[in-house]
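# Geometric and topological summary
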Amino acid sequence: MWSPLHFLREVVRHVISWLFYGASPAFEPFDIPKREDFNVVILGCGMSGMATAVRLKQSGVNFVILEEASRLGGTWYHNTYPNCACDIPAHLYGYSFAPKWDWSRVYAFQPEILAYLEEVARKYDLYSHIRFNTTVRSAAYDDKAAVWRVGTSAGEFVGNLMVSSLGPLHVPRYPDLDGMQSFAGEAFHSARWKKGFDASGKRVAVIGNAASAAQFVPVIAENAQQLYVFQRTPHWIGRSANYAYWPTTKWLFRLCPPLRLLYRWLLYVRQEVIFSLVFSRSGVGQRLARRMLTAFIRNAVKDPAVAAAVTPRCTSEHVHLFACEHPQQTTQYHDSHRNARLTHRCSVCKHVSAFMRMLSERTSDEFV
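Note that the structure is a prediction, hence the values are computed from the model and not measured. (Residues numbered from 1 in each chain as written. Predicted model: local features only at pLDDT ≥ 70, side-chain atom pairs only at ≥ 80, totals over all residues. Heavy atoms only, no water.)

### What about empty space enclosed by the protein?
If you walk through the whole model with that rule in mind, you get one cavity of 30 Å³ or more. Counted as a void, the largest cavity has a volume near 80 Å³. Along its surface, the largest cavity is lined by Ala90, His91, Gly94, Tyr95, Ser96, Ala98, Pro99, Lys100, Trp103, Tyr116, Arg260 and Arg264. Listing elements by their share of the lining of the largest cavity, those giving two or more residues are α4 (90-93) and α8 (257-278). Partitioned by chemical class, the residues of the lining of the largest cavity number six nonpolar, three polar and three charged. (1 Å grid on protein atoms, 1.4 Å probe; cavity = no way out; pocket = protein on both sides within 12 Å on 5 of 7 lines; lining within 4 Å. Points joined across faces, edges and corners; volume = space filled by probe spheres on them. Helix = DSSP H or I, 4+ residues; strand = E, 2+ residues; numbered from the N terminus. Nonpolar A, V, L, I, M, F, W, Y, C, P; charged D, E, K, R; others polar.)

So, in structure tokens, the structure goes:
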């Protein structure tokens, strides 16, 4: 249970650790037997899988990483849609044990994050432990031998310990639409973005308005002949000041590592304070967050009907609590609603033909 005393103790613990050791206090060697016959099998080579691998390597424990893709990175390898970025500040998102002083922006884009992960893998010699193009098909614990037996497309791997670092953010969730086979145009999921896709001169329909759509919709809106966004549930979307770091700032971070550590710590404290306020028992943080975000949406979206449609409802019958679903940070998404080529529809269809009828309607400004 969170308390001010607990928060203060954690802050002091992190400050002391960073000042004397330059790393997170949680980064300590694993208490695992250092035997030649003790092996760990890690499933997945994304952010968490790599962090586990580095810890094991520094602890002197044998391990292998099973990765179904041909390249590491997890979600940062699979998601390549336009404007793909992390909504956590880069200096806080990066590993505490592998600081990067020259992040280009506050919120890094996908190519920079993937390059960073590959750099970490080279630095800690993780490539020799990774088995790419290896799909896990089964995993069972052998009680008699006291080991995990992991069946894969490349054979069986045996480990005394198995760590699952599988993430869901790269797995496409397709809409339940009948009649897709009758659709003659291009169709793909944002998590499997079609390379070289050009929306210029095309009428594009985007089904969904979650984190991925909030990032790529503004890019598509600038090029498409007409863009339709079909929304089931509105999301809280806040302002994001994703400014680029000045060369002087990066130079100072490189010249003075304690300054970079202080900056990371301040980002950490800010996130903790926001979380604590939003989920306080008094509910003051919730009300304040909703009022601020509602005001931001109304200021960004000039059409009152569209502004009402993209604002989560907060009525006596339905209260859409802030942060109960993943809040998004982007200024461009709501600004893109000023583009005459973008039409917002608050409806969900079950058949492709229904979408086609809606797209062909001349009364495109109506919400159906």
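Now that the structure has been shown, we can carry on.
### A closer look at the packing of aromatic side chains
Across all of its chains, the model carries 16 aromatic pairs by this definition. Ring centres 5.2 Å apart and planes at 75° place the aromatic pair Phe188 and Phe197 in the edge-to-face group. By relative accessible area, Phe188 is classed as partly exposed at 29%. Seen in terms of ring centroids, Tyr245 and Phe253 are 6.4 Å apart; in terms of plane orientation they differ by 75°. Their pairing is edge-to-face. There is no split in this pair, since Tyr245 and Phe253 are both buried. Grouped by ring-pair contacts, the aromatic residues Tyr81, Phe188, Trp193, Phe197 and Phe216 constitute a single cluster. For the cation-ring pair, Lys100 lies above Trp103, with the distance from its terminal atom to the ring centre recorded as 5.3 Å. (Phe/Tyr/Trp six-rings, centres within 6.5 Å; stacked < 30°, edge-to-face > 60°. Buried < 20%, exposed > 50% of the residue type's maximum accessible area, 1.4 Å probe, protein only. Lys NZ or Arg CZ within 6 Å of the ring centre and 35° of its normal.)

### Concerning α8
Counted at 1.5 Å a residue, the expected span for α8 with its 22 residues is 32 Å, and the 32 Å between its end C-alpha atoms agrees. Those residues of α8 that sit buried are Arg260, Leu261, Tyr263, Arg264, Trp265, Leu267, Val269, Ser276 and Val278. (Expected span 1.5 Å × (residues − 1).)

### Description of the sheet that holds strand β5 (residues 147-152)
Read from one edge to the other, the open sheet built from three strands follows the order β4-β5-β6, with strand pairing classed as antiparallel. With one partner strand each, in any of the chains shown, β4 (136-142) and β6 (155-159) form the two edges of the open sheet. In this sheet, adjacent strand axes meet at a mean angle of 20° when their direction is disregarded. In the sheet, β4 pairs with β5 via six bridges, with the strands oriented antiparallel. Considered in β5, the bridge of Val136 is made with Thr152. (Pairing = 2+ DSSP bridges. Axes fitted to C-alpha atoms, helices over the stretch in contact; angles between N-to-C directions.)

### Examining the sheet that holds strand β8 (residues 203-207)
Read from one edge to the other, the open sheet built from three strands follows the order β8-β9-β12, with strand pairing classed as parallel. Looking at the sheet topology across the chains shown, the edges are occupied by β8 and β12 (342-345). Across the sheet, the mean angle separating the axes of adjacent strands is 15° when strand polarity is ignored. Note that β8 and strand β9 (residues 226-230) share five bridges and pair parallel. When the bridges of β9 are listed, Ala205 appears paired with Tyr228.

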